[in-house]
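# Notes for the structure review
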Amino acid sequence: MPVKDGGRKKKRVTISDIAERAGVTSGAVSLAVNGKRGVSDATRARILNVAKELNWRPSHAAQTLMGKAAEAIGLVLTRPAAVVGEEIFFTKFIAGVQSALSERGYSLLLQMANDTAAEIAIHQAWMGDGRVDGILVLDLRVDDPRIAALIALDAPTVVVGGDVDDARIRSLHVDNAQAMQLIMEHLHELGHQRVGLVTGDQSFRHIQHRMQAFEQFCVDHGIWGQALAGGFDTTLARRATERLLKSPQPPTAIVFDSEVMALAGMSVIAQRGLSIPEDISIVSWEDSTTCQVLHPTLTALDRDAVSLGRLAAAEMFSLLAHTEAKPEPMGMQVVHRESTGRPSALATH
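Notes on the structure in this doc start here. Note that the coordinates shown come from a computational prediction; the quantities given were computed from them, not determined experimentally.

## As for the overall build of the protein chain
- In terms of helices and strands, the protein chain carries 14 helices and 13 strands.
- Expected size for 349 residues packed as a compact globule is a radius of gyration near 20 Å; at 26 Å, the protein chain overshoots this value by more than 25%.
- Over its C-alpha atoms, taken along the principal directions, the protein chain stretches across nearly 90 × 45 × 30 Å.
- For the protein chain, the proportion of contacts with a sequence separation of at least 24, taken over those separated by at least 6, is 70%.
- Carbon and sulfur atoms make up 51% of the accessible area of the protein chain, which amounts to about 17200 Å² in all.
- Across the protein chain, 35 positive and 40 negative side-chain charges occur, with their mean positions spaced 10 Å apart.

Below is the structure:
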């Protein structure tokens, strides 16, 4: 990229610049930097030394034309920056992806977008310039336009938590139904018969799967259940919690789709003079250090997002190599802490 030098932009070093400095033709430079025959060892050494002195790097487009891999995988996060900064899932997932990529000499190209249209534009630019060899996709939506766009780009793609499979697209399955089953079984065993769910963005397929599993468990076990949208937003999570608490018979337990929303809900409960877990139990879908140091400590689903990131990277390498991957299922468990307990006798009537 162009850089500023004394307030002025310095142009990118080109093959012509190297040729002029080394006193050779541009063709000779091309042969030398690409390791091809046609120049003497002495000339090749002189050209490479000049290229190093000028800090020359081949362009992504040029590398693509030559069929060279970018050795980078792209990931666009289409969430509000505040949400990405607060949610521990993203930190752990990205750490897992990057650790697996680094072992193979690959890097992660990460960018933010405001909406799916902007994300698609980034994908198109990346693939057009040859900046990435493949793309990771998170938060698959209902009728998601990104899938058709990625198929049109012929971009090797791994959809995390998706159910789309194509010649160039693979999905890494995440069992949200099993995870919700674990959470609801924990609350059911404690004796809860009225449970609220404060969800994330309900346009996401994985949130839809969680809601379906929640509703099915309530039907199967005779539990009163109500799901309200929190959108991974603290303000919406507070409003949803207030609505649940104002019910004629409020829930004795609430499940939140993230630890950040759980914290927002807990603040509402405290403001109403209620106690956790004596008056109401709280469960977070995500575990974090914060869950462990709160008072009371927060019961949470531990689903190892670092391992999920590593699995996504492994699936991508398998896709690029045209081999079949056999990813191990991601481990999940409910970590029982102080925020969940048996409902009080008064609350159950």
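Next comes the rest of the description.
## So, the pairing of strand 3 (residues 72-77)
- By the criterion of burial, strand 3 is predominantly enclosed, with six of the six residues buried.
- Of the two faces of strand 3, the one lined by Ala-72, Gly-74 and Val-76 and the one lined by Ile-73, Leu-75 and Leu-77 are each fully buried.
- The pairing of strand 3 with strand 4 (residues 107-112) spans six bridges and is classified as parallel. Residue pairing in the sheet places Leu-77 in a bridge with Met-112 of strand 4.
- In the sheet, strand 3 pairs with strand 5 (residues 134-137) via three bridges, with the strands oriented parallel. Its bridge partner lying in strand 5, Ile-73 is registered against Gly-134.

## Here's the deal with the environment of Phe-204
- Within the secondary structure, Phe-204 is located in the loop between strand 8 (194-199) and helix 10 (205-221).
- When the C-alpha atoms of Phe-204 and Thr-299 are compared, they prove to be 24 Å apart, with 95 residues separating the residues in sequence.

## Structural notes on the side chain of Arg-44
- For Arg-44, the location among the structural elements is in helix 3 (residues 41-53).
- This buried residue, Arg-44, is left without a salt bridge; Asp-41 holds the nearest opposite charge, at 4.7 Å.
- Filtering out sequence-adjacent residues up to four positions away, Arg-44 remains in contact with Leu-31, Ala-32, Gly-35, Lys-36, Arg-37 and Val-39.

## Some thoughts on the packing of aromatic side chains
- All chains considered together, the criterion is met by four aromatic pairs.
- For the pair Phe-89 and Phe-93, a centre-to-centre distance of 5.7 Å together with 15° between the ring planes defines the contact as stacked. Taken together, the positions of Phe-89 and Phe-93, both in helix 6 (residues 88-103) and four residues apart, correspond to about one turn of that helix. Phe-93 shares its class with Phe-89; the two are buried.

## Concerning the environment of Gln-226
- On the secondary structure map, Gln-226 appears in strand 9 (residues 224-229).
- With relative accessibility at 24%, the residue Gln-226 sits in the partly exposed group.
- Measuring from C-alpha to C-alpha, the distance between Gln-226 and Gly-196 comes to 5.0 Å, with 30 residues separating the pair along the chain.
- The residues touching Gln-226, leaving out its near neighbours within four places in the chain, are Val-195, Gly-196, Leu-197, Phe-214, Arg-243, Leu-244 and Ser-247.

## Some details on empty space enclosed by the protein
- Within this structure, the stated rule accounts for three cavities of 30 Å³ or more.
- The volume enclosed by the largest cavity comes to roughly 260 Å³.
- Looking at the largest cavity, it is lined by 20 residues, and the ones nearest its centre are Phe-89, Asp-139, His-206, Arg-210 and Arg-303.
- When residues of the lining of the largest cavity are traced back to their parent elements, those giving at least two are helix 6 and helix 10.
- By residue number, the principal contributor to the lining of the largest cavity is helix 10, which donates three residues.
- Partitioned by chemical class, the residues of the lining of the largest cavity number eight nonpolar, four polar and eight charged.
- Forming the boundary of the second largest cavity are Ile-88, Phe-89, Lys-92, Glu-286, Asp-287, Leu-301, Asp-302, Arg-303, Asp-304 and Ala-305.
- Here the lining of the second largest cavity is built from residues that sort into four nonpolar, no polar and six charged.

Rules used in this analysis
- Residues numbered from 1 in each chain as written.
- Predicted model: local features only at pLDDT ≥ 70, side-chain atom pairs only at ≥ 80, totals over all residues.
- Heavy atoms only, no water.
- Helix = DSSP H or I, 4+ residues; strand = E, 2+ residues; numbered from the N terminus.
- Rg over C-alpha atoms; globule rule 2.2 N^0.38 Å.
- Contact = heavy atoms within 4.5 Å.
- Areas by Shrake-Rupley, 256 points an atom, 1.4 Å probe, with all protein chains shown as cover.
- Lys, Arg positive; Asp, Glu negative; His and termini not counted.
- Charge placed at Lys NZ, Arg CZ, Asp CG, Glu CD.
- Buried < 20%, exposed > 50% of the residue type's maximum accessible area, 1.4 Å probe, protein only.
- Pairing = 2+ DSSP bridges.
- Salt bridge = Lys/Arg side-chain N within 4 Å of Asp/Glu carboxyl O.
- Phe/Tyr/Trp six-rings, centres within 6.5 Å; stacked < 30°, edge-to-face > 60°.
- 1 Å grid on protein atoms, 1.4 Å probe; cavity = no way out; pocket = protein on both sides within 12 Å on 5 of 7 lines; lining within 4 Å.
- Points joined across faces, edges and corners; volume = space filled by probe spheres on them.
- Nonpolar A, V, L, I, M, F, W, Y, C, P; charged D, E, K, R; others polar.

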